[in-house]
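Tertiary structure, described
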Amino acid sequence: MQTANIPTPTFSIVSSWFNVEKMKFDWRGALENWLAFLRGTGEIVIAVNTSEDDSAKLIREWVANFKMDNPTNFTKIEIVDIEIPYTDPAFDGKGKAAATEKATERFVILLDCDERLVPGSRESWLRLAIELETSKYEVFLIPVIDLIEDDKKYKSIGAKWYIHKNLPYITRGVVKWAYREDGTIDKTKSDTCEAINKDTGQLINSANIIMMELPDWMKVAQMESGEVPFVYHLGF
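Residues numbered from 1 in each chain as written. Predicted model: local features only at pLDDT ≥ 70, side-chain atom pairs only at ≥ 80, totals over all residues. Heavy atoms only, no water.

1. What to know about the overall build of the protein chain
The condition that has to hold: Put simply, DSSP marks the helices as runs of H or I at least four residues long and the strands as runs of E at least two long, and each gets a number from the N terminus on. For the radius of gyration, the atom set is restricted to C-alpha positions; the globular benchmark scales as 2.2 Å times the number of residues to the power 0.38. Each residue is placed in one exposure class: buried if its accessible area under a 1.4 Å probe, protein chains only, is under 20% of its type's maximum, exposed if it is over 50%, and partly exposed if it falls in between. Every residue pair with non-hydrogen atoms within 4.5 Å of one another is taken to be in contact. The accessible surface values rely on the Shrake-Rupley method and a 1.4 Å probe; as for residues, cover is taken only from the protein chains in view. When charges are counted, neither His nor the chain ends are considered; positive counts come from Lys and Arg and negative counts from Asp and Glu. Note on charges: their place is set at NZ of Lys, CZ of Arg, CG of Asp or CD of Glu.
When you go through the protein chain residue by residue, the secondary structure sums to five helices and 11 strands. A compact globule built from 236 residues should have a C-alpha radius of gyration of about 18 Å, and the protein chain, at 18 Å, falls within 12% of that. In terms of principal-axis extent, the alpha carbons of the protein chain reach across some 55 × 45 × 40 Å. When each of the 236 residues of the protein chain is scored for burial, the buried share is 49%. Considering only residue pairs separated by 6 or more positions, the protein chain has 71% of its internal contacts joining residues 24 or more positions apart. For the protein chain, the accessible surface area stands at approximately 11900 Å², while carbon and sulfur atoms represent 53% of it. Averaging the locations of the 28 positively and 37 negatively charged side chains of the protein chain gives two centres separated by 2 Å.

Spelled out as structure tokens, the structure:
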């Protein structure tokens with residue numbers, strides 16, 4: 001797939017995990033889903049914080065077994081060891097920043113352990129990445145469907161900074177205006193994971209790929225068309 005001499009986009013899926021067994025995350029399901037989406041291309045980078053259940057060891061063992069069983073799958077999987085105090089209010093964003101820092105592909109897709117892609121939607125993500133590369137924007141906000149109870153019911157449809165250009169100054173963290181004078185963070189202004197400029201602390205230039213003001217049925221119709229990429233959040 002090429003458009004106007006633009007090479008096929010490549011993706012780094014990045015995430016940050018901790019205590020994956022203790023907290024009963026379906027982390028194996030996440031890896032299987034992301035690998036199915038990437039189809040032997042790109043990479044997965046996971047920052048794993050110091051955990052009480054040998055999370056990093058368990059994940060590395062799974063990766064090693066996957067590589068043995070799937071020798072023709074060339075998706076790189078890198079596990080990055082981090083040590084961030086759980087008492088740090090910026091903990092979540094710092095973990096995501098550590099993973100983003102190690103990404104090497106042209107586009108970064110940031111996902112949580114309980115978020116899934118539709119493997120068959122990869123072409124729409126490729127088209128979107130080409131549009132992002134040639135636009136004035138650095139990040140696109142992608143729709144996310146928050147599922148509840150099971151995979152047939154949803155609570156809400158939101159949007160998050162899921163994909164951005166892999167540029168040295170783009171990271172994840174607390175947006176500058178969320179800091180109070182005493183250095184604490186106003187959580188009503190930041191979830192600590194905004195896509196920001198690491199030098200200025202300001203949000204990077206972004207655009208939403210659908211109008212969030214639309215009623216849900218219209219947003220769902222756009223996503224079901226196959227033209228609009230989206231993410232499932234397994235809230236249940």
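Structure's up, so let's keep going.
2. Overview of helix α3 (residues 91-101)
Considered for burial, the residues of α3 that qualify are Phe 91, Gly 93, Gly 95, Lys 96, Ala 97, Ala 99 and Thr 100. Turning to α3, the residues buried within the fold contact β1 (11-17), β2 (43-49), β3 (76-82), β4 (107-110), β7 (154-165) and β8 (170-173).

3. Topic: the pattern of salt bridges
When the charged atoms of two side chains lie near each other, side chains of opposite charge can form a pair. Rules: Should a side-chain nitrogen of Lys or Arg be within 4 Å of a carboxyl oxygen of Asp or Glu, the pair is scored as a salt bridge.
As enumerated under the stated definition, the model contains 15 salt bridges in all. In this structure, the salt-bridge partner of Asp 92 is Lys 96, at a minimum N-O distance of 2.7 Å. Of the two residues, Asp 92 and Lys 96 both sit in helix α3, four residues apart, roughly one turn of that helix. Take Asp 92: its relative accessible area is 31%, and that puts it in the partly exposed class. Lys 96 gets classed as buried once you look at its relative accessible area, which sits at 4%. If you follow the salt bridges from partner to partner, you end up with Asp 92, Lys 96, Asp 112, Glu 115 and Lys 160 in one network.

4. What to know about the nonpolar core
Convention followed: What is meant by a nonpolar core is a set of buried Ala, Val, Leu, Ile, Met, Phe, Trp, Tyr and Cys residues, joined one to another through side-chain atoms within 4.5 Å.
Counting 38 residues, the largest nonpolar core has Phe 11, Ile 13, Trp 17, Ile 44, Ile 59, Trp 125 and Ile 163 as the members making the most contacts within it. Here this core takes seven residues from helix α1 (residues 27-38), the largest share from any one element. Leave out the neighbours within four places in its chain, and Ile 59 touches Trp 17, Val 20, Trp 27, Leu 31, Val 48 and Ile 79. In terms of nonpolar packing, the next biggest core, distinct from the first, is built from 11 residues, Val 14, Val 45, Ala 99 and Ala 103 among them.

5. Observations regarding the side chain of Asn 197
Within the secondary structure, Asn 197 sits in strand β9 (residues 194-197). Asn 197 has contacts with Tyr 169, Gln 202 and Ile 204, leaving out every residue within four places of it along the chain.

6. Section: the pairing of β2
Definition in use: Here, any two strands with at least 2 DSSP bridges between them count as paired. When the strands point away from the viewer and the path from the first strand over the helix to the second turns clockwise, the crossover is right-handed.
Most of β2 is tucked away: seven of the seven residues are buried. The alternating pattern of β2 places Glu 43, Val 45, Ala 47 and Asn 49 on one face and Ile 44, Ile 46 and Val 48 on the opposite face, and all of these are buried. Note that β1 and β2 share six bridges and pair parallel. Paired with Val 14 across the two strands is Val 45, which belongs to β2. In this fold, β1 hands off to α1, which returns the chain to β2; that crossover is right-handed.

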